[in-house]
Amino acid sequence: MTPVPPVVTPPPAAPVAAPVASSPELPPVAPPVPVAAPAPVTPPAPITPPPAPVAAPAVSAAPPAPAPERKGWLDRLKAGLRKTGSSIATVFTGTQIDDALYEELEEALLMADTGVKATTHLLADLKRRVKDSKTTDPAAVKGLLADALADLLRPLEKALVIGEHTPTVIMVAGVNGAGKTTSIGKLTKHLADEGAAVLLAAADTFRAAAREQLGVWADRNTVEIVSQEGGDPAAVSFDAVTAGKARGKDVVLVDTAGRLPTQLHLMEELKKIRRVVTKADATAPHEVLLVIDGNTGQNALAQVRAFDDALQLTGLIVTKLDGTAKGGVLAAIAQERPIPVYFIGVGEKLEDLETFNAREFAQALLS
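What counts and how
Residues numbered from 1 in each chain as written. Predicted model: local features only at pLDDT ≥ 70, side-chain atom pairs only at ≥ 80, totals over all residues. Heavy atoms only, no water. Helix = DSSP H or I, 4+ residues; strand = E, 2+ residues; numbered from the N terminus. Buried < 20%, exposed > 50% of the residue type's maximum accessible area, 1.4 Å probe, protein only. Contact = heavy atoms within 4.5 Å. Core = buried A, V, L, I, M, F, W, Y, C linked by side-chain atoms within 4.5 Å. Phe/Tyr/Trp six-rings, centres within 6.5 Å; stacked < 30°, edge-to-face > 60°. Lys NZ or Arg CZ within 6 Å of the ring centre and 35° of its normal. Pairing = 2+ DSSP bridges. Patch = residues over 30% accessible without salt bridge, like charges linked within 9 Å, V, L, I, M, F, W, Y side chains within 5 Å. Areas by Shrake-Rupley, 256 points an atom, 1.4 Å probe, with all protein chains shown as cover. Salt bridge = Lys/Arg side-chain N within 4 Å of Asp/Glu carboxyl O. Lys, Arg positive; Asp, Glu negative; His and termini not counted. Charge placed at Lys NZ, Arg CZ, Asp CG, Glu CD. Axes fitted to C-alpha atoms, helices over the stretch in contact; angles between N-to-C directions.

1. Describing the side chain of Thr-182
Phase 1: Turning to its location among the elements, Thr-182 is positioned in helix α11 (residues 180-193).
Phase 2: Assessed through its relative accessible area of 15%, Thr-182 is described here as buried.
Phase 3: If sequence neighbours within four positions are ignored, Thr-182 has contacts with Gln-213, Trp-217 and Glu-348.

Structure, rendered in structure tokens:
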């Protein structure tokens, strides 16, 4: 009865292993899982940065803050140039753009002291702008003229830089009555407001009470002054530059005697002052400014030429634009002797001296 051993049924267990072969099908299911991992796609991350750049433009909207103060000054400038503006504005009240309009405009610009060369340039530029823009409305031509004038005046737009030299020596010249000493007082306040330590030099020893007048401005601006009663202008200038260096001043403003460019001996005196200042500081003077009266018309251009030939001017201050000034002379200067206009003045108050902006001036002149 030993035949019992054949009961070995394990062989059927081998076929059970066959179902195990079905387990290899599970791995193919695994690959989809990694695909699910990328599903939390990171695109949301790049979407978050854009808000940051959007915030930047909001900050750039801040600069217009000083507008009200500047606007008040611009209103005074427009008031001073109203006479010229109104005479030019009447040219654009017609119904068509023709030769008659350009002839009237030429006459108005010449009457505004613009000068022949600048007037010719502006008219040619204006006609080109009208043609390119296909403008048919005379009123729109006024805006194109403002653009042309602003472009002509832009080379005059430059800031007075202080700090490259210590002290920065500024020599100021001008004819009698142009407002030279008054402009120095206003310029002193402008520089002091910017934090500069200023020293004044009363080198106008020819005119009676000139020293006292500058002294009043020094007191009003609480700055120091170097002066000598009846002293030599060149000697006063030398002492002032030397004192400015010793006292660590940022700026030395030298007020020279008023004179006409036709007074050759006085123009020679100016050249001497410049030479002596250079002896006190080999790099000085760093700026040579001419103060011109905005009411003197084409005569102002003649002054610029004469003083520039003698002193090599670096900048201009145009005063009294609040009176009967026509303003067009700046266009003549830009066309024939483009020396930067650092400041323009529209009144007697300390704050009535402002930096020159070509676009603002063009709009004020044509307002």
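2. Quick notes on the nonpolar core
Phase 1: In this structure, Leu-77, Leu-253 and Phe-361 are the most contacted members of the largest nonpolar core, which totals 101 residues.
Phase 2: Per-element tally for this core: the top contributor is helix α10 (residues 138-153), with nine residues.
Phase 3: Residues in contact with Leu-77, not counting those within four places in the same chain, are Leu-321, Ile-344, Val-346, Phe-361 and Ala-364.

3. Description of the packing of aromatic side chains
Phase 1: Counting across every chain of the model gives one aromatic pair.
Phase 2: Ring geometry for Phe-356 against Phe-361: centres 5.7 Å apart, planes inclined by 55°, an arrangement best described as tilted.
Phase 3: Its relative accessible area of 5% is what places Phe-356 among the buried residues.
Phase 4: Judged by relative accessible area, which is 1%, Phe-361 ranks as buried.
Phase 5: Geometry around Trp-217 places Arg-220 over its ring, the cationic atom sitting 4.4 Å from the centre.

4. A word on the pairing of strand β4 (residues 251-256)
Phase 1: Of all six residues making up β4, six are buried, and the element is well covered by its neighbours.
Phase 2: Side chains of β4 alternate between two faces, with Val-251, Leu-253 and Asp-255 and Val-252, Val-254 and Thr-256 buried alike.
Phase 3: Both strand β2 (residues 198-203) and β4 contribute to a ladder of six bridges, which runs parallel. By the bridge assignment, Leu-200 is partnered in β4 with Leu-253.

5. Details of a negative patch on the surface
Phase 1: A grouping of Asp-99, Glu-103, Glu-104, Glu-106 and Glu-107 is seen on the molecular surface, where their side chains present a negatively charged patch.
Phase 2: With respect to the secondary-structure elements, Glu-107 resides in helix α8 (residues 99-111).

6. Comments concerning the sheet that holds β4
Phase 1: The eight strands lie next to each other as β3-β2-β4-β1-β5-β6-β7-β8, forming an open sheet whose pairing is mixed. For this open sheet the edge positions go to β3 (224-226) and β8 (353-355), each flanked by a neighbour on one side alone. Sheet twist, expressed as the average angle between the axes of neighbouring strands with direction ignored, equals 25°.
Phase 2: Sheet analysis places strand β1 (residues 168-174) next to β4, joined by five bridges and oriented parallel.

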